[in-house]
Amino acid sequence: MSPMLATRLDFTAVLLSPSPSPPPGLRVRALPAVAARTRASSLAPRAAASATAAVSAKPAAVSPLSADRTVVRIGLPSKGRMSEQTLSLLKSCQLSVRHLNPRQYTADIPQVPNLEVWFQRPKDIVRKLQSGDLDLGIVGFDIVSEYGQGSDDLVVVHDALEFGHCRLSLAVPKEGIFENINTLEDLANMPEWTQERPMRVVTGFGYLGEKFLRENGFNHVSFLAGDGALESYPAMGMADVIVDLVSSGTTLRENNLKEIDGGVILESQATLVACRRSLHKRKGVLEITHEMLERLEAHLTATGELMVTANMRGNSAEEVAERVLSQTSLCGLQLCDICHLSWGLQYV
Ligand SMILES: Nc1ncnc2c1ncn2[C@@H]1O[C@H](COP(=O)(O)OP(=O)(O)OP(=O)(O)O)[C@@H](O)[C@H]1O
Ligand SMILES: O=P(O)(O)OC[C@H]1O[C@H](OP(=O)(O)OP(=O)(O)O)[C@H](O)[C@@H]1O
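- Looking up the protein in an unreviewed UniProt entry gives the name ATP phosphoribosyltransferase, with the organism given as Oryza meyeriana var. granulata.
- Listed under Catalytic activity (unreviewed entry) in UniProt, the entry text for the protein is "1-(5-phospho-beta-D-ribosyl)-ATP + diphosphate = 5-phospho-alpha-D-ribose 1-diphosphate + ATP".
- Per its UniProt entry, the protein bears the Pathway (unreviewed entry) comment "Amino-acid biosynthesis; L-histidine biosynthesis; L-histidine from 5-phospho-alpha-D-ribose 1-diphosphate: step 1/9."

Topic: the pattern of salt bridges
Consideration 1: Within the structure shown, the criterion is met by twelve salt bridges.
Consideration 2: Between Arg 295 and Glu 291 there is a salt bridge, with the nearest N and O atoms lying 2.9 Å from each other. Of the two residues, Arg 295 and Glu 291 both sit in helix α10 (residues 285-302), four residues apart, roughly one turn of that helix.
Consideration 3: Exposure remark for Arg 295: the relative accessible area of 22% places this residue in the partly exposed category.
Consideration 4: Linked by salt bridges that have partners in common, Arg 69, Asp 135 and Arg 282 make up one network.

Some thoughts on the site of ligand 1
Consideration 1: Near ligand 1 lie 15 residues; those nearest to it are Lys 79, Arg 81, Arg 121, Asp 142 and Ser 247.
Consideration 2: Residue Asp 142 places a side-chain N or O atom 2.7 Å away from an oxygen atom belonging to ligand 1.
Consideration 3: Between Ser 247 and ligand 1, the recorded distance is 3.3 Å, taken from a side-chain N or O atom to a nitrogen atom.
Consideration 4: Contact with the protein chains covers 74% of the free accessible surface of ligand 1, which is 630 Å².
Consideration 5: Elements with a minimum of two residues in the shell around ligand 1: α3 (81-92), α4 (122-131) and α5 (141-148).
Consideration 6: The class makeup of the residues in the shell around ligand 1 is five nonpolar, five polar and five charged.

The rules behind each value
Residues numbered from 1 in each chain as written. Chains lettered and ligands numbered in written order. Predicted model: local features only at pLDDT ≥ 70, side-chain atom pairs only at ≥ 80, totals over all residues. Heavy atoms only, no water. UniProt positions renumbered as here; feature names shortened; annotations may be inferred. Salt bridge = Lys/Arg side-chain N within 4 Å of Asp/Glu carboxyl O. Helix = DSSP H or I, 4+ residues; strand = E, 2+ residues; numbered from the N terminus. Buried < 20%, exposed > 50% of the residue type's maximum accessible area, 1.4 Å probe, protein only. Near = heavy atom within 4 Å. Polar contact = N/O pair within 3.5 Å; in protein donor to acceptor, adjacent residues only side chain to side chain. Areas by Shrake-Rupley, 256 points an atom, 1.4 Å probe, with all protein chains shown as cover. Nonpolar A, V, L, I, M, F, W, Y, C, P; charged D, E, K, R; others polar.

Have a look at this one:
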């Protein structure tokens, strides 16, 4: 368990201060309560998808692109649960990472000559994408949203890499004063929360958690920043509720906590993210991004599909399809396509 950080945000003060106007040129976007995102196959639709999923605006700490860098850089998670799955996804796309020295933070992908791999902590990948020190990165959507804070400088180019599924959720104790609290509204209306005794929230997602509670009408809230074993805080009397990642729900259950209706802040999975300025300005970034997207899309689309090659006679594709589907060993499969080959018909 990591020790608590010293930050404490006064939520009342946040509510009272007038929200500053965004600087000119910065678009303000609202975070959907549950970010529903879909896969698309080209760069443009993905950029659009990220626009709807982005959070709110806050100026990113940007530094100019280093004009003399000619190699393209991608950041991959250096540790944690996403690390291995990222490497294995890339391998499945014939983009194997060659990491000769595990103590080194750099590696390469022989298949893509002008691409340099940098192993970084997920939150640092987002920060370095914003500053232009990385051009591409693979990280969870939760981390992009928390640390990117809606920055226009980030583009989610693939929003569903099909691993690292989890949700950022608000959870409360099952018992005591929370026994009959089952919805966000119930929680907001609890008479216990006052200016002197606000609802204490522990989270590693201060930006998203604060924004969510503010937008959902919570008036008296204080935040405590924590980055591990948050499920222990309510039982230790250090917090009333938690905002943390949930996947199977086991950790919550084992620690006597429950989710409530309306308490999901964000749905997350692994994403491929790019620095917008790099896409526009750095030579080779757009081409590499397209190549990676094509390979990822081909792999992800093919997952769960089956190709059957058969030498089968028939006067038409329909006739072949009918014969194929009448085979008991294949029944239940959905036929997507039939391809003619010179020697007969192939169906997929
Ligand atoms: N229980 C979970 N199930 C599935 N995916 C998860 C789960 N918890 C976290 N993730 C995803 O994996 C990412 C990495 O989580 P992990 O706990 O490994 O963090 P980490 O790499 O150790 O980062 P740090 O130490 O900086 O907190 C998260 O940002 C999230 O996208
Ligand atoms: O719903 P579940 O499947 O039980 O998963 C949820 C847990 O997974 C993550 O923690 P992790 O295991 O990464 O450890 P951490 O608390 O040190 O971050 C998250 O912070 C939860 O504690």
